[in-house]
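Examination of the molecular architecture
Given next are the chains, with one letter for each unit.
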Amino acid sequence: MAVRLRSDLAKLPPYRAGRRPVPGPDGRRVKLSSNENPFPPLPSVVDAIAAAAAEVRQYPDPASTRLIGAISEFFALPPERIAVGTGAVALVTNLALAAAGPGDEIVYAWRSFEAYPIVSVLAGATPVQVPLTDAGRHDLRAMAAAVNDRTRLVFLCSPNNPTGPTLSREEVSTFLDAVPDELLVVLDEAYAEFVRDPSAVSGMRDFLERPNVVVLRSFSKAYGLAGLRVGYAVGPTDVIEVLRSVGLPFGVTDIATAAVETSLLHADELADRVDDVVAERERVVTELISIGYEVPATEANFYWLPLGGASAEFTAECEALGITVRPFADEGVRVTIGATEDNDLVLEVARRFAP
Ligand SMILES: *Cc1c(COP(=O)(O)O)cnc(C)c1O
């Protein structure tokens with residue numbers, strides 16, 4: 001007889017991470033499947049990591065005071081409004097656990113970040129998925145209509161992973177006015193630093209006065225620290241307090257803290273790199289549109305190719321060149337912006353599949 005475990009976990013969808021690349025004929029081995037930063041860490045960040053490595057005998061500060069202090073100073077926000085976690089994904093999880101349980105509902109757009117269905121099931125809650133529009137955008141009206149008295153949490157993802165569009169400040173404001181103030185709304189802005197559209201929402205700028213909005217940010221994408229696992233949440237102090245209490249102690253390491261502190265000191269240099277990625281994104285997307293693709297208006301460090309049934313074949317052709325991309329069976333392929341040469345190789349494959 002099998003050991004008794006939670007039967008509802010059978011509903012857990014697997015998290016499909018970007019595949020590890022296999023070398024192409026020229027030895028190329030490039031991962032454009034996980035939205036990582038194409039640049040290596042700054043030498044000063046590597047030095048800070050090495051120095052912190054000498055102290056790993058010790059547990060990190062369970063309250064992450066130094067890290068929260070650095071983020072608080074950088075954004076001129078009170079520390080009690082900030083929580084940190086082992087990646088924004090840990091905060092996504094802890095917010096679901098803090099807000100919802102059996103009998104409750106969690107609303108999010110679909111397709112969107114793959115962690116949302118997983119954490120909804122983990123919390124024991126019922127996921128409610130509201131389809132994206134044809135342009136790969138959230139349908140905020142339908143999402144507001146999906147909210148009922150069982151809803152405990154709404155995830156909004158801007159820019160949306162995997163399609164790329166942002167939500168506008170205007171439409172988020174209308175949405176927030178339409179739902180109760182007691183309903184937790186999480187604005188997942190893991191790609192915020194890549195956004196250039198002035199009408200796009202920035203939860204940090206626009207909605208921190210709301211009593212029910214929590215904004216999530218990550219050091220994995222723009223800051224190039226995906227391997228160290230650090231993200232943060234900014235929100236109302238009462239929600240942040242509960243969020244902190246749900247997090248496991250000792251999660252964020254001193255190595256990660258040192259890397260973030262040093263990265264924030266060099267934020268300008270890192271922002272220049274983000275500018276390069278954005279310029280490359282504009283170049284690649286313009287080219288894709290000119291060859292006939294309907295690419296959703298991406299504000300992130302990736303783009304979406306609506307390849308439908310050709311998604312697997314497109315992915316295989318990229319892999320044959322040593323480049324992994326992220327297919328979503330029969331829907332499309334998400335491709336991270338990488339180095340120019342690698343983006344050009346994907347463009348060559350894209351030309352062969354042009355609609
Ligand atoms: C990458 C990503 C995250 C989480 O990133 P972490 O590495 O856990 O900080 C959160 N939300 C979205 C939409 C993402 O794409």
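Below: a short report on this structure. Everything quoted here is computed from the prediction, not taken from an experiment.

**Side note on the environment of Gly 101**
- On the secondary structure map, Gly 101 appears in the loop between α3 (88–99) and β3 (105–110).
- Separated by 131 residues in sequence, Gly 101 and Tyr 232 place their C-alpha atoms 23 Å apart.
- Discounting residues that sit within four places of it in the chain, Gly 101 has contacts with Ala 123, Gly 124 and Ala 125.

**Comments concerning the site of the ligand**
- Around the ligand, a shell composed of 13 residues is seen, among which Ala 88, Tyr 191, Ser 218, Ser 220 and Lys 221 lie nearest.
- Residue Ser 220 places a side-chain N or O atom 2.5 Å away from an oxygen atom belonging to the ligand.
- In the complex, the protein chains occlude 94% of the 380 Å² of accessible area that the ligand would expose alone.
- Of the residues in the shell around the ligand, the class split is six nonpolar, four polar and three charged.

**Quick look at the sheet that holds strand β9 (residues 302–305)**
- Read from one edge of the open sheet, three strands run β9-β12-β11, paired in antiparallel fashion. In the strand order of this sheet, the two ends are held by β9 and β11 (326–328), each with one partner. Neighbour to neighbour, the strand axes of the sheet diverge by 20 degrees on average, direction disregarded.
- Bridge count for β9 against strand β12 (residues 332–336) is four bridges, and the pairing is antiparallel. By the bridge assignment, Phe 302 is partnered in β12 with Thr 336.

**Here's the deal with the packing of helix α1 (residues 43–53) against helix α9 (residues 254–265)**
- Where α1 contacts α9, the axes come no closer than 8 Å and their chain directions differ by 150 degrees. Between α1 and α9, the angle falls in the class roughly antiparallel. Judged by the sense of rotation from one axis to the other, the crossing of α1 with α9 is right-handed. Each of Ser 44, Val 45, Ala 48, Ile 49, Ala 52 and Ala 53 in α1 lies in contact with α9, whose residues at this interface are Asp 254, Ile 255, Ala 258, Ala 259, Thr 262 and Ser 263.
- Grouping the amino acids of the contact of α1 with α9 by side-chain chemistry returns eight nonpolar, three polar and one charged.

**Observations concerning the packing of helix α10 (residues 267–290) against helix α12 (residues 340–352)**
- Direction vectors running N to C along α10 and α12 enclose 15 degrees, while the axes themselves pass 11 Å from each other. Considering the angle they form, α10 stands roughly parallel to α12. With respect to the hand of their crossing, α10 and α12 are arranged in right-handed fashion. Where α10 approaches α12, its residues Glu 280, Arg 283, Val 284, Glu 287 and Leu 288 are matched on the opposing element by Thr 340, Asn 343, Asp 344, Leu 347, Ala 350 and Arg 351.
- When its residues are assigned to classes, the contact of α10 with α12 shows four nonpolar, two polar and five charged.

**Some details on the pattern of salt bridges**
- Under the criterion given, the structure shown has 22 salt bridges.
- A salt bridge links Arg 205 to Asp 206; the nearest nitrogen and oxygen atoms lie 2.6 Å apart.
- Via salt bridges that share partners, Asp 26, Arg 28, Glu 341 and Asp 342 belong to a single interconnected network.

**Concerning the environment of Ala 88**
- Structurally, Ala 88 is set in helix α3.
- Given a relative accessible area of 11%, Ala 88 falls into the buried group.
- Leave out the neighbours within four places in its chain, and Ala 88 touches Leu 216, Arg 217, Ser 218 and Gly 231.

**Description of the pairing of strand β8 (residues 231–234)**
- Alternating residues of β8 divide into Gly 231 and Ala 233 and Tyr 232 and Val 234, and every residue in both groups is buried.
- In the sheet, strand β2 (residues 82–85) pairs with β8 via four bridges, with the strands oriented antiparallel. Looking across to β8, one finds that Ala 83 is bridged to Ala 233.
- As judged from the four bridges shared by strand β7 (residues 213–218) and β8, these two strands associate in the antiparallel manner. Bridge assignment links Ser 218 to a residue of β8, and that residue is Gly 231.

**Things to note about helix α6 (residues 169–178)**
- The complete set of buried residues in α6 reads Val 172, Phe 175 and Leu 176. Summarising the axial view, the buried residues of α6 lie within an arc of 95 degrees, below the 170-degree limit, and thus occupy one face. Residues of α6 that are exposed and point over 90 degrees away from its buried face: Glu 170, Thr 174, Asp 177 and Ala 178.
- On its buried face, α6 sits against α5 (140–146), β5 (151–157), β6 (184–188) and β7.

The rules we used
- Throughout, a residue's number is its position along its own chain's written sequence, starting from 1.
- The model is predicted, so local features are restricted to residues of pLDDT at least 70 and side-chain atom pairs to those at 80 or more, both for listing and for counting; the totals for chains, interfaces and linings are taken over all residues.
- Side-chain measures were taken over the full set of non-hydrogen atoms in the model, leaving aside hydrogen atoms and water.
- In this text, helices come from DSSP runs of H or I with a minimum length of four residues, and strands from runs of E with a minimum of two, each type numbered from the N-terminal end.
- Contacts between residues were defined by any pair of non-hydrogen atoms, one from each residue, lying within 4.5 Å.
- Each residue is tested against the molecule or strand, and it is near if at least one of its non-hydrogen atoms lies within 4 Å.
- In protein, a polar contact requires one atom able to donate a hydrogen and another able to accept it; more generally it is a pair of N or O atoms within 3.5 Å, and residues adjacent in sequence count only if both atoms are side-chain atoms.
- With residues, only the protein chains shown are counted as cover, and all accessible areas are computed by Shrake-Rupley using a 1.4 Å probe.
- Under the scheme applied, nonpolar residues are Ala, Val, Leu, Ile, Met, Phe, Trp, Tyr, Cys and Pro; charged residues are Asp, Glu, Lys and Arg; polar residues are all the others, including Gly.
- Strands pair, by our definition, only if DSSP identifies at least two bridges between them.
- To obtain each axis, a line is fitted to C-alpha atoms, and for helices this fit is confined to the stretch in contact; angles are then taken between N-to-C directions over 0 to 180 degrees.
- Note that the term roughly parallel is reserved for angles under 35 degrees, roughly antiparallel for angles over 145, roughly perpendicular for angles of 65 to 115, and oblique for everything else.
- Take the far helix as the reference: if the near one is turned anticlockwise from it by less than a right angle, the crossing is left-handed, and if turned clockwise, right-handed.
- The salt bridge criterion pairs a side-chain nitrogen of Lys or Arg with a carboxyl oxygen of Asp or Glu, the two atoms within 4 Å.
- Buried means the residue's accessible area, taken with a 1.4 Å probe over protein chains only, is under 20% of the maximum for its type, while exposed means over 50%, and partly exposed covers the values in between.
- The reported arc concerns the directions from the helix axis to the C-beta atoms and nothing else.

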